[in-house]
Each structure stands twice: as structure tokens, then as C-alpha cells.
Amino acid sequence: CPWFAARGCLRSDRLSSQGITILGSTGSIGVSTLDVLARHPDTYHVVALSGHSNVMRLAEQCRQHGAKYAVISDAAKAGELKKAMDQIKCTSEILAGKDALRTVAGMDETEVVMAAIVGAAGLEPTLHAVQAGKRLLLANKESMVIAGELFRKAAAEHSSVIIPVDSEHNALFQVLPGHFNDGLESAGVEQLILTASGGPFLHRTREELKNITPTQACNHPNWDMGRKISVDSATLMNKGLEVIEARWLFNARPDQIDVLVHPQSIVHSMVAYRDGSVLAQLGMPDMRTPIAHALSWPERIEAGVKRLNLAEVHKLEFYPPDLDSFPGLGLAFQVLEAGGNAPVIFNAANEVAVDAFLQERIEFLQIPTVVSAALEACETGKLNGLDEVLEFDRLARAETSRIINMKKVS
Ligand code: NAD
Ligand code: MG
């Protein structure tokens, strides 16, 4: 099965440099990816970069990295991008709109796609990259959460290799044996243990989570990330999404996935084997490590990351997650058991709720309550194909907005 092609068969004994397209280059993962690429100018070149609203940053990135195409996914901003590019004498060709993302993800010049758009907005171009047989570096976890089955099928059909960039899943990928895709059990795996930092509100009670502001929620102790994933980390919804992501990436049953809170974010995840061995991947909390690993696998390249010195870290702690203060994680396990369209509703409702929280329209503690209400209100059922994913996503967003507007949650 080419889902994760047999290890060792992809050695890059190649002389020409690889063409990379970054979907969402203006975000946190996009910026880190460009930082790694700039360290290896002979090995990689940039084909296309995309951004949604930050035209100045997109223009600067295109000029600095010599991108052939500059994609502005919000077509209304194309004029603004043109002006910004003219100002700095950037000559990349401008493409605009959602379809342009698919175009650059699937074009011949692109060999590798970094999927770094946030949310379900990344689904179509990311899936298209797989259908076009590209090597996919997957940061955009929401796509895998809502359409995991479609990704598995497309990767097998089109010989696409998907390498996880999410630090936990990249860690699991590093410590799993090459034949894990034949089944975790036959590979001797008992459990995938995802670590969670616990976010900025670790050890707080529900009472202490009242009146949390967006600024406080986005102030993560270990990681510097986009606002949506920062809030998800604070609610532990991020870990919930990652549990579902792991189910699809590693073909795992829900009972084979566990979560352990590890505040230092040094152990990025672990695999527990039948013989009692537990294998972990460790490193500094810096996304350039999993990005560099995904880019160069099965080889290793310099990532510009500070080396881990355990003598300086002193202690590594582990705790069970507090599902009382952070009910979003428990909800994710229920959604995983329910299957079908439940993950689509879960993800869409969370995206809408996080947005409402960032706009100070709902409170921090209401995020999981809104998601739970949306799961109850929306009809659950089977999921067949991309059109249905998109339709359930649309319906769940509308229902969640209605729930928020009617202030139907406490
Ligand atoms: P970010 O908010 O910093 O960047 C998001 C990118 O997506 C930007 O380039 C933005 O222009 C683009 N974008 C936003 N809305 C869009 C839309 N409607 N259409 C097209 N493009 C759009 O987010 P991030 O922190 O870089 O995260 C990106 C993805 O990677 C997320 O799925 C996140 O869960 C995942 N991830 C991030 C980290 C991290 O450390 N930042 C770690 C693991 C996984
Ligand atoms: Mg993660």
C-alpha cells in the first residue's frame, strides 16, 4: 500500500532540486517552512506560495524565495496584492481565488505540497494534491479530521505519500515500524500515546477558566502558533482533533489511542509495544524539526533548531488529562466512536465557536458547550464523498452560528 510508501524506497539520490508549493505560506507553519527551505537552496525551490489576506507578507515571501506563482485565495484582494508586488518589484505570476489553490497544488512543477492552511478551508486543495500524486506534508489537521477516509483512499489510488507535520503525529511516524500500515496490531503496537502540553491553563479548575480573554488563550507557554490552533490548545480541542487525525493517519482504533499531558513539550509522542517497550521522539518545541523531517524523509536535514539539552530541562512530567475542565477532548473520543459525519460537525462547530470566542461573542468555557450543542442539533449519519463532507460542513456551520446567535448555550 503506498499510503506511506515502504521506508527507504524514497531516497533522494536526485541531482535536480525539488519544487515545493506551500498552501498557507503566510501563517506560522508557512513561515517556519520557508525558514527551513532557505537553509537548503540547492535541494528545494519554491513553485507557489499562498496567503488569504496578508498581501504584504505574501509579496515579500514571493520576492525573497523566488516563487513562480503568488496565490491570493481571497480573490477580492488580488488588486491589493498586485500593488504590493509592484511596490517591491516582485515578478511572481499572480493567481487568485480558491481554484488557484487547486491549480498550484496539482501542477507538474509542484512535487511536494506543504498543506498549511488553517481549518476546513484547506480541504479541497490538500486532497487535490494527493489525487495528483504529490508528496504531501500535512499540517492542516482539520482536513484529515473531516475527510480521513477520502485521504486514505486517494493516497492509495494515486501513490501519494502523506507525511504528518503535526509534531505528535510526526513523532509517531518516526517511532513506528515501517510496516505499521499493515495494521498496528501486526506491527506489535498496543497504543499510540499523544502528548499534550496542557496549554496555558493547565491545572486550572472550571471556576478558574471563567473570564478568560482571547489574548490569554492565545498565549501558549511552549509554542508560537496561529490564533485558531492556540485557542484549540487552550481548550484541548486541538488534542481532540489530533486523536481523530491519528485514527486516519495510522489506521488506529479509538481504543489504541491515548493522551497524556506533558507540560514541557519535549516528548512529542510515544508508541507502546506489546513487549513492554515504549518508544518516544524527543526534541525542542520548534515546528521546524517535524517540517524538516517531513521535507527530507527518509533522510535528515539541518532545521536551524536549538539542540535539546536534557540536563537543562531537568524534569519531564506526565499527567492524565483533566476532562472536567477540558471536556472537548472527551467529546472528540465520542465523535470518533460515532464516526460518519460526526467529525465534520465537530470540526465545523469548533471553527465557528473559536471564531466567536476570538470576537468576544462567546466565553471561553462556552466553546465546548457550543460544539456539543451543534453535535446534538445536527443530524448524524454516513459520509459519502467530498460533496457530502462540504455539505455537512456548511450545514454544521449554519447550525452553530444559529446556536450562538440565539445564545442557546450556558
Ligand atoms: P495561521 O493562522 O498562522 O496560518 C494560516 C494560513 O492559512 C495563512 O497563510 C492564511 O492566509 C491561510 N488561510 C486562512 N484562511 C484561509 C482560507 N479561508 N482560505 C485559504 N487560506 C486561508 O495557522 P498555523 O498556526 O500556521 O496553522 C496552520 C495549520 O497547521 C492548522 O491546521 C494547524 O492546526 C496546523 N498546525 C499548526 C501548528 C503550529 O505550530 N502553528 C502545529 C501543528 C499543526
Ligand atoms: Mg500538534
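Computed from a prediction, not measured in an experiment: that's the story for all the values here. (Residues numbered from 1 in each chain as written. Chains lettered and ligands numbered in written order. Predicted model: local features only at pLDDT ≥ 70, side-chain atom pairs only at ≥ 80, totals over all residues. Heavy atoms only, no water.)

Quick notes on the pattern of salt bridges
According to the stated counting rule, one finds 22 salt bridges in the structure shown. Note that Asp35 is salt-bridged to Arg288, the shortest N-O span being 3.1 Å. With Asp35 in helix α1 (residues 28-38) and Arg288 in helix α11 (residues 288-296), this pair connects stretches of sequence that are 253 residues apart. For Arg288, a relative accessible area of 16% corresponds to the buried category. Connected via shared salt-bridge partners are Lys141, Asp166, Glu168, Lys239 and Glu242. (Salt bridge = Lys/Arg side-chain N within 4 Å of Asp/Glu carboxyl O. Helix = DSSP H or I, 4+ residues; strand = E, 2+ residues; numbered from the N terminus. Buried < 20%, exposed > 50% of the residue type's maximum accessible area, 1.4 Å probe, protein only.)

A look at the packing of helix α13 (residues 327-338) against helix α15 (residues 366-377)
For the pair α13 and α15, the least separation of the axes is 9 Å and the interaxial angle reads 25°. Between α13 and α15, the interaxial angle falls into the category roughly parallel. For the pair α13 and α15, the sense of crossing is left-handed. Packed against α13, whose contacting residues are Pro327, Gly328, Leu331 and Val335, the element α15 presents Pro368, Val371, Ser372 and Leu375 at the interface. Of the residues contributing to the contact of α13 with α15, the split by class is six nonpolar, two polar and no charged. (Axes fitted to C-alpha atoms, helices over the stretch in contact; angles between N-to-C directions. Parallel < 35°, antiparallel > 145°, perpendicular 65-115°, else oblique. Left-handed = near helix turned anticlockwise from the far one by under 90°. Contact = heavy atoms within 4.5 Å. Nonpolar A, V, L, I, M, F, W, Y, C, P; charged D, E, K, R; others polar.)

Structural notes on the pairing of strand β1 (residues 18-23)
A large share of β1 lies buried, amounting to six of its six residues. Judged by which residues are buried, β1 turns out to be covered on both faces: Gln18, Ile20 and Ile22 on one side and Gly19, Thr21 and Leu23 on the other are all buried. As judged from the five bridges shared by β1 and strand β2 (residues 44-51), these two strands associate in the parallel manner. In the sheet register, Ile22 faces β2, and the bridge partner there is Leu49. Of the crossover connections in this fold, the one passing from β1 over α1 to the parallel β2 is right-handed. Where β1 meets strand β5 (residues 112-115), four bridges bridge the pair, whose relative direction is parallel. Bridge assignment links Thr21 to a residue of β5, and that residue is Val113. (Pairing = 2+ DSSP bridges. Right-handed = clockwise from strand over helix to strand, strands pointing away.)

Describing the site of ligand 1
As a matter of local geometry, ligand 1 sits amid 22 residues, with Thr26, Ser28, Ile29, Glu142 and Gly226 nearest to it. At 2.9 Å from an oxygen atom of ligand 1 is found a main-chain nitrogen or oxygen belonging to His52. Here Gly226 contributes a backbone N or O atom positioned 2.9 Å from an oxygen atom of ligand 1. When ligand 1 sits alone it has 830 Å² of accessible area, and the protein chains cover 86% of it. Elements represented by at least two residues in the shell around ligand 1 include exactly α1 and α6 (141-158). When its residues are assigned to classes, the shell around ligand 1 shows nine nonpolar, 10 polar and three charged. (Near = heavy atom within 4 Å. Polar contact = N/O pair within 3.5 Å; in protein donor to acceptor, adjacent residues only side chain to side chain. Areas by Shrake-Rupley, 256 points an atom, 1.4 Å probe, with all protein chains shown as cover.)

Brief notes about unusual backbone geometry
Omega for the bond connecting Trp297 with Pro298 falls within 30 degrees of zero, at 10°, which places this linkage in the cis form. If you trace the backbone, Pro298 turns up in the loop between α11 and α12 (310-313). Located in the positive-phi region is Lys89, a residue other than glycine, with phi close to 55°. The backbone of Ser265 sits at a positive phi, close to 50°, despite the residue not being glycine. Mapped onto the elements, Ser265 comes out in the loop between β9 (257-261) and β10 (267-273). By relative accessible area, which is 6% here, Ser265 ends up buried.

Digging into the side chain of Asn170
Within the secondary structure, Asn170 is located in helix α7 (residues 167-175). Within the local environment of Asn170, its side chain forms a polar contact with the side chain of His293, the two groups lying 2.9 Å apart. Setting aside chain neighbours within four positions, we find Asn170 in contact with Pro164, Val165, Pro290, His293 and Ala294.

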